Amino acid sequence: MGPRLRVGVLGCASIARRKMLPALASNPSVRLVAVASRTGEKATMFAAPYGCDAVTGYEELLQRTDVDAVYIPLPAALRATWIARALEAGKHVLGEKPLTTTAADARDLVALGGRRGLLLMESFMFLHHSVHRRVTELVAAGRIGEPRSFTAEFTIPPLPADDIRNRPGLGGGALLDLGVYTVRAAQYFCGPGLSVAGAVLMSDPPVAGAPPAIGRGVDRAGAALLTSDRTTAQLTFGMAHAYQCRYRICGSEGLLSLDRAFTPPPNLRPVVRIEDKDGTEERALEADDHFANIVTAFAGTALGGGDLTGHGEQILRQADLVERIRRAGAPAPRAA
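Since the structure is predicted, the reported quantities are computational estimates derived from the model, not experimental observations.

**Topic: the sheet that holds strand β6 (residues 120-123)**
Overall, parallel pairing links the six strands, which are arranged β3-β2-β1-β4-β5-β6 in an open sheet. Edge strands, defined here as strands with exactly one partner in the open sheet, are β3 (53-56) and β6. Taken over all neighbouring pairs, the strand axes of this sheet differ in orientation by 25° on average, direction set aside. Sheet strands touched by helix α4 (residues 76-88): β1 (5-10), β4 (69-72), β5 (92-96) and β6. Its angle to β4, the strand with the most contacts, is close to 175°.

Listed below in structure tokens is the structure:
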């Protein structure tokens, strides 16, 4: 067996328990060393199934010499602080998306990672599913002609009132939780030259008398129009809707669409639908596990000893576009 990346986890979020801890523990290139939480009880609960150490306090984990890298699934508003501390402690970082809530923080972290010679990767796991590579190949082969527009929707039903994504102070809201997927997908398929032509963010007004920590001032829904010299991208996101998770690429000769685009389970065979003047074709592609794949990519890059800064440009473009959408879409109160 070759070298293994020794990984610790900072935070006990649901996505860590359900997806990333199993992916880390089962990867032959990784040794899951420890899980840290603010409370020892929660750390123990998350660590026990994997036989790794439970650590009370994030700083305690960062000081360990047997940890090479960390995965950070903390709330969005806390990530920049702890990513910076991890990089300063000499650890490679895989951080949940969005890495930061501001473009300025993203610039600081990318610069810090570069100075330290460390890998900083944003966990857009869906990009590591093979279906998107196959879609790119179909488009490049001219299956729908010249690409003209990209459309993406990611919406979910209303969340419980105390859900963390309803907390503005922790980086909640539809744009940072769901919209970032559509923005990243637009970059993947439309290229790096996108700019924001317009946006809107819809927010519920804060509830009178409610504690600020669980106020309802977050953006519940939004839309954005991005443009480049060759195409447009129309993005819709929200957390007060019927479930949608798809994208479409409209070309000069046909339309390609994919459902379950951002969160396919590992046993699902994605179906790419192509419509043109000759009719409709559906192609069932191979099932894939994008959580396992992103862990493999992260570990391989960290262990490879090559250029560890290649993700920096992607991180900066993403953060800049998200911030421009936020500025352009000044939240408006929801109509009564």
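Having seen the model, we can carry on.
**Some points on unusual backbone geometry**
Note the cis peptide between Lys97 and Pro98, where omega equals -10°. Topologically, Pro98 is positioned in the loop between β5 and α5 (103-116). The backbone of Arg260 shows a phi angle near 50°, a positive value even though the residue is not glycine. Tracing the chain through its elements places Arg260 in the loop between β12 (254-259) and β13 (271-276). Residue Arg260 is classed as partly exposed on the basis of its relative accessible area of 36%.

**Some thoughts on the pattern of salt bridges**
Within this structure, the stated rule accounts for 21 salt bridges. Salt-bridge contacts for Arg143 lead to Glu281; the nearest nitrogen and oxygen are separated by 2.7 Å. Here Glu281 lies in strand β14 (residues 279-284) and Arg143 lies in the loop between α6 (130-140) and β7 (147-155), a separation of 138 residues in the sequence. On the basis of relative accessible area, Glu281 is assigned to the partly exposed category, the value being 25%. Ionic pairing is found between Arg317 and Glu313, a salt bridge with its closest N-O pair at 2.8 Å.

**Regarding helix α7 (residues 174-190)**
Under the 1.5 Å per step criterion, the end-to-end length of α7 is 22 Å for 17 residues, consistent within 8% with the ideal 24 Å. Bending of α7 peaks at approximately 40° at the position of Val180. The element α7 is extensively covered by neighbouring structure, given that 14 of its 17 residues are classed as buried. Gly191 sits one or two positions beyond α7 and adopts a positive phi of about 95°.

**Quick look at the pairing of β6**
Of the two faces of β6, the one carrying Leu120 and Glu122 and the one carrying Met121 and Ser123 are both buried. Sheet analysis places β5 next to β6, joined by four bridges and oriented parallel. Within β6, the position partnered with Leu94 by the bridge is Met121. In this region the chain leaves β5, passes through α5 and returns to the parallel neighbour β6; the handedness of that crossover is right-handed.

**A word on the packing of α4 against α5**
The contact between α4 and α5 brings their axes to 10 Å, and the two run at 10°. Classified by the angle between their axes, α4 and α5 sit roughly parallel to one another. When α4 is examined against α5, the residues Ala80, Ile83, Ala84, Leu87 and Glu88 are found in contact with a partner set consisting of Asp105, Leu109, Leu112, Gly113 and Arg116.

**What to know about the packing of aromatic side chains**
If you walk through the whole model with that rule in mind, you get 13 aromatic pairs. Consider the rings of Phe126 and Tyr181, whose centres lie 5.9 Å apart with planes at 35°: the pair is tilted. In this pair, Phe126 sits in the loop between β6 and α6 while Tyr181 sits in helix α7, placing the two residues 55 residues apart along the sequence. Comparing Phe126 with Tyr181, the two get one shared label, buried. Centre to centre, the rings of Tyr181 and Phe262 are 5.8 Å apart; their planes meet at 50°, and the pair counts as tilted. You can see Tyr181 sitting in helix α7 and its partner Phe262 sitting in the loop between β12 and β13, a full 81 residues away along the chain.

**Some words on the nonpolar core**
The biggest cluster of nonpolar side chains holds 74 residues, and the ones touching the most others in it are Phe150, Phe262 and Val272. Top element by residues in this core is α7. It accounts for 10 residues. Core analysis: the next-biggest nonpolar cluster, separate from the first, contains 29 residues, Val33, Val67, Ala84 and Leu87 among them.

Rules used throughout
- Residues numbered from 1 in each chain as written.
- Predicted model: local features only at pLDDT ≥ 70, side-chain atom pairs only at ≥ 80, totals over all residues.
- Heavy atoms only, no water.
- Pairing = 2+ DSSP bridges.
- Helix = DSSP H or I, 4+ residues; strand = E, 2+ residues; numbered from the N terminus.
- Axes fitted to C-alpha atoms, helices over the stretch in contact; angles between N-to-C directions.
- Contact = heavy atoms within 4.5 Å.
- Buried < 20%, exposed > 50% of the residue type's maximum accessible area, 1.4 Å probe, protein only.
- Salt bridge = Lys/Arg side-chain N within 4 Å of Asp/Glu carboxyl O.
- Expected span 1.5 Å × (residues − 1).
- Bend = angle between axes of the 7 residues up to and from the residue.
- Right-handed = clockwise from strand over helix to strand, strands pointing away.
- Parallel < 35°, antiparallel > 145°, perpendicular 65-115°, else oblique.
- Phe/Tyr/Trp six-rings, centres within 6.5 Å; stacked < 30°, edge-to-face > 60°.
- Core = buried A, V, L, I, M, F, W, Y, C linked by side-chain atoms within 4.5 Å.

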